[in-house]
Amino acid sequence: MNKYESVASDIRSKIEDGTYAPGTRLPTIPAICEEYGISKITVKHAMDELERLGLIARRRGSGTYVKGGRHESSGVDTSSALSSTLGGFTAEHESLGEHTGVVLHDFVICHPDSSTAKALGVTEDDYCYHVVRTLMANDVPLQDQDVYIPMSVVPNLLRRHAEGSLYRYLEEELGLRVASAHRHVTAVHPTDKVAAHLGIASNVPVLRIEQISFLDDGRACEVSVSVHAPYYAFTSISTR
């Protein structure tokens, strides 16, 4: 094992055992150099590895932060991915000259279950917004979303925000920046309820995407499950 891999493994262990809690800043590069007796370039390689694994987020001028949660449902460690949908469904389709709309099925405040709380880096006693909605482009239902958003990270979310672009509210009104996401994509048959929302048969295969979105300070701002209509295509672009 290379030295940087050994350092990355040790820091990863500290993240997973809670020594470095979600949302906290890691020690500075000089501090890590001193702790492990390594060079700055070795620290950089170790940080690159931890970032590739989706465990940390670098914030220019501020430091490196532990991300707020990890997806455990698949048992697979997924890498960070950005796509046109990370910028938001509304922005994506408006850029194509299409008009967008939202059918809001549910908007409530609730306590998250254990897996959702873990993914968001909160407790089961904390409160989340739970949003269920169908996203439309040119009056065609393209995506059904089931979303949990922590109130501690996104305050004052209103029904009107859920009926529009959530990312636009985060970035333009709250000044938050959605910087990365972890995704797990599977092909499934939709539930009867989701099939009804999308106007398709329940025996038609669709893409189901489980996602955790992160702000640039490493906090998880959203856990969602979205089901895409079979005629909806999107492009995924890996970065960093």
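Residues numbered from 1 in each chain as written. Predicted model: local features only at pLDDT ≥ 70, side-chain atom pairs only at ≥ 80, totals over all residues. Heavy atoms only, no water.

## A word on empty space enclosed by the protein
Now for step 1: Counting across every chain of the model gives two cavities of 30 Å³ or more.
Now for step 2: Put simply, the second largest cavity is a space of about 40 Å³.
Now for step 3: Considering the residues around the second largest cavity, the lining is formed by Ile149, Val154, Leu157, Leu166, Tyr167, Leu170, Cys221 and Glu222.
Now for step 4: Residue assignment for the lining of the second largest cavity shows that the elements contributing at least two residues are α7 (166-173) and β9 (220-228). (1 Å grid on protein atoms, 1.4 Å probe; cavity = no way out; pocket = protein on both sides within 12 Å on 5 of 7 lines; lining within 4 Å. Points joined across faces, edges and corners; volume = space filled by probe spheres on them. Helix = DSSP H or I, 4+ residues; strand = E, 2+ residues; numbered from the N terminus.)

## Quick notes on the sheet that holds β9
Now for step 1: If you trace the six strands from one edge of the open sheet to the other, you get β4-β5-β6-β9-β8-β7, paired in antiparallel fashion. For this open sheet the edge positions go to β4 (100-110) and β7 (178-188), each flanked by a neighbour on one side alone. Geometrically, the sheet is characterised by an average inter-axis angle of 15° between neighbouring strands, direction not taken into account.
Now for step 2: Note: β4 against strand β5 (residues 128-137), 10 bridges, orientation antiparallel. Bridge pairing links cysteine 110 to cysteine 128 in β5.
Now for step 3: Its contacts with the sheet place α7 against β5, β6 (140-150), β7, β8 (206-215) and β9, and it is angled at close to 170° to β7. (Pairing = 2+ DSSP bridges. Axes fitted to C-alpha atoms, helices over the stretch in contact; angles between N-to-C directions. Contact = heavy atoms within 4.5 Å.)

## Section: the side chain of glutamate 222
Now for step 1: Looking at the element boundaries, glutamate 222 is found in strand β9.
Now for step 2: Here glutamate 222 occupies a buried position and makes no salt bridge, while the nearest side chain of opposite charge, arginine 133, is found at 6.3 Å.
Now for step 3: A distance of 3.5 Å separates the side chain of glutamate 222 from the side chain of glutamine 211, its partner in a polar contact.
Now for step 4: Within the local environment of glutamate 222, its side chain forms a polar contact with the side chain of serine 213, the two groups lying 2.7 Å apart.
Now for step 5: For glutamate 222, the contacting residues outside a window of four places in its chain are Leu120, Val147, Tyr148, Pro150, Tyr167, Gln211, Ile212 and Ser213. (Buried < 20%, exposed > 50% of the residue type's maximum accessible area, 1.4 Å probe, protein only. Lys, Arg positive; Asp, Glu negative; His and termini not counted. Salt bridge = Lys/Arg side-chain N within 4 Å of Asp/Glu carboxyl O. Polar contact = N/O pair within 3.5 Å; in protein donor to acceptor, adjacent residues only side chain to side chain.)

## Thoughts on unusual backbone geometry
Generally, phi is negative for residues other than glycine and the peptide bonds are trans, each holding for most cases.
Now for step 1: At asparagine 138, a position not held by glycine, the phi torsion is positive, near 50°.
Now for step 2: Positive phi is not limited to glycine here, since asparagine 156 has a value of about 60°.
Now for step 3: Assignment of secondary structure puts asparagine 156 in the loop between β6 and α6 (159-162).

## So, the packing of helix α1 (residues 3-16) against helix α2 (residues 29-36)
Now for step 1: In contact at an axis separation of 12 Å, α1 and α2 are set at 105° when each is read in the N-to-C sense. Classified by the angle between their axes, α1 and α2 sit roughly perpendicular to one another. Residue-level inspection shows Lys3, Val7, Asp10, Ile11 and Lys14 of α1 in contact with α2, the latter providing Ile32, Glu35 and Tyr36. (Parallel < 35°, antiparallel > 145°, perpendicular 65-115°, else oblique.)

## Topic: the pattern of salt bridges
Now for step 1: Going through the model one piece at a time under the given rule, you end up with nine salt bridges.
Now for step 2: A salt bridge links glutamate 35 to lysine 14; the nearest nitrogen and oxygen atoms lie 2.9 Å apart. Here lysine 14 lies in helix α1 and glutamate 35 lies in helix α2, a separation of 21 residues in the sequence.
Now for step 3: By relative accessible area, glutamate 35 is classed as partly exposed at 43%.
Now for step 4: With a shortest N-O distance of 2.9 Å, arginine 52 and glutamate 49 are connected by a salt bridge. Of the two residues, arginine 52 and glutamate 49 are both situated in helix α3 (residues 40-52); the distance of three residues between them amounts to about one turn of the helix.

Just distances and angles here, no functional claims.
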